[in-house]
Amino acid sequence: MRIQIGRFETPHASKYLQQLCKHFAHKVEVAYTPTEGRAALPPGPATLEATETGLTVRLSAKDDAGMGHARAIIDLHLKKFAFRENFEEMAWEPIVAAA
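A brief look at the structure comes next. Please read all numbers here as calculations on a predicted model, not as lab measurements.

Turning our attention to the side chain of histidine 77. Inspection of the secondary structure puts histidine 77 in helix α2 (residues 64-81). Residue histidine 77 is classed as buried on the basis of its relative accessible area, which comes to 17%. A distance of 2.7 Å separates a polar atom in the side chain of histidine 77 from the backbone oxygen of isoleucine 73.

Written as structure tokens, this is what we have:
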């Protein structure tokens, strides 16, 4: 299982979390509040957290291809929603599981 965490520094994190979750809810199971969300993306689950300073997304996927697909889903949608902030992509970092 691959896990990555992405961060987007923005004062509009709650707005973007809600936009993402509402959009994803048309195709996958979603649950969210203004500060937390979960979406059952096809490559694996995504959990979202909004604070006053930014949006954090935690992705899980079975393999590297799935992780690339999951990152692309988030980044492409945020690029549309956060265009006023010139968003390009989240700062993604892999999480290494303890042995």
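Alright, that's what it looks like, and here's the rest.
Right, let's get into unusual backbone geometry. The phi torsion at asparagine 86 lies on the positive side, around 55 degrees, for a residue other than glycine. Residue position: asparagine 86 is located in the loop between α2 and β6 (91-94).

Core analysis: the biggest nonpolar cluster contains 27 residues, and Leu55, Val57, Leu59, Ile74, Leu78 and Met90 have the highest contact counts within it. Within the residue set of this core, elements represented by two or more residues are α1 (13-24), β3 (36-41), β4 (44-50), β5 (54-61) and α2. If we ignore the near neighbours within four places in the chain, the residues touching leucine 78 are Phe8, Tyr16, Leu20, Leu55, Phe83, Phe87 and Met90.

The next subject is the packing of aromatic side chains. Tallied over the full model, the rule gives two aromatic pairs. Measuring from centroid to centroid gives 6.0 Å for phenylalanine 8 and tyrosine 16, while their planes differ by 25 degrees, and the two rings are stacked. Of the residues examined, tyrosine 16 reaches a relative accessible area of 3% and is grouped as buried. The interplanar angle of 65 degrees and the centroid separation of 4.7 Å between the aromatic rings of phenylalanine 8 and phenylalanine 87 together place this pair among those described as edge-to-face. Taken together, the residues phenylalanine 8 in strand β1 (residues 2-9) and phenylalanine 87 in the loop between α2 and β6 connect sequence positions 79 residues apart. Judged by relative accessible area, which is 10%, phenylalanine 8 ranks as buried. Clustering of aromatic rings is evident, with ring pairs tying together Phe8, Tyr16 and Phe87.

The next subject is the packing of α1 against α2. Packed helix pairs are specified by the crossing angle of their axes together with the interaxial distance, meaning the distance between the axes. With their axes 11 Å apart at the nearest point, α1 and α2 run at an angle of 115 degrees to one another. Our pair here, α1 against α2, has a crossing hand that is right-handed. Touching Tyr16, Gln19, Leu20, His23 and Phe24 of α1 are Ile73, Ile74, His77, Leu78 and Phe81, all from α2. For the contact of α1 with α2, a count of residues per class yields seven nonpolar, three polar and no charged.

Criteria and thresholds
Residues numbered from 1 in each chain as written. Predicted model: local features only at pLDDT ≥ 70, side-chain atom pairs only at ≥ 80, totals over all residues. Heavy atoms only, no water. Helix = DSSP H or I, 4+ residues; strand = E, 2+ residues; numbered from the N terminus. Buried < 20%, exposed > 50% of the residue type's maximum accessible area, 1.4 Å probe, protein only. Polar contact = N/O pair within 3.5 Å; in protein donor to acceptor, adjacent residues only side chain to side chain. Core = buried A, V, L, I, M, F, W, Y, C linked by side-chain atoms within 4.5 Å. Contact = heavy atoms within 4.5 Å. Phe/Tyr/Trp six-rings, centres within 6.5 Å; stacked < 30°, edge-to-face > 60°. Axes fitted to C-alpha atoms, helices over the stretch in contact; angles between N-to-C directions. Left-handed = near helix turned anticlockwise from the far one by under 90°. Nonpolar A, V, L, I, M, F, W, Y, C, P; charged D, E, K, R; others polar.

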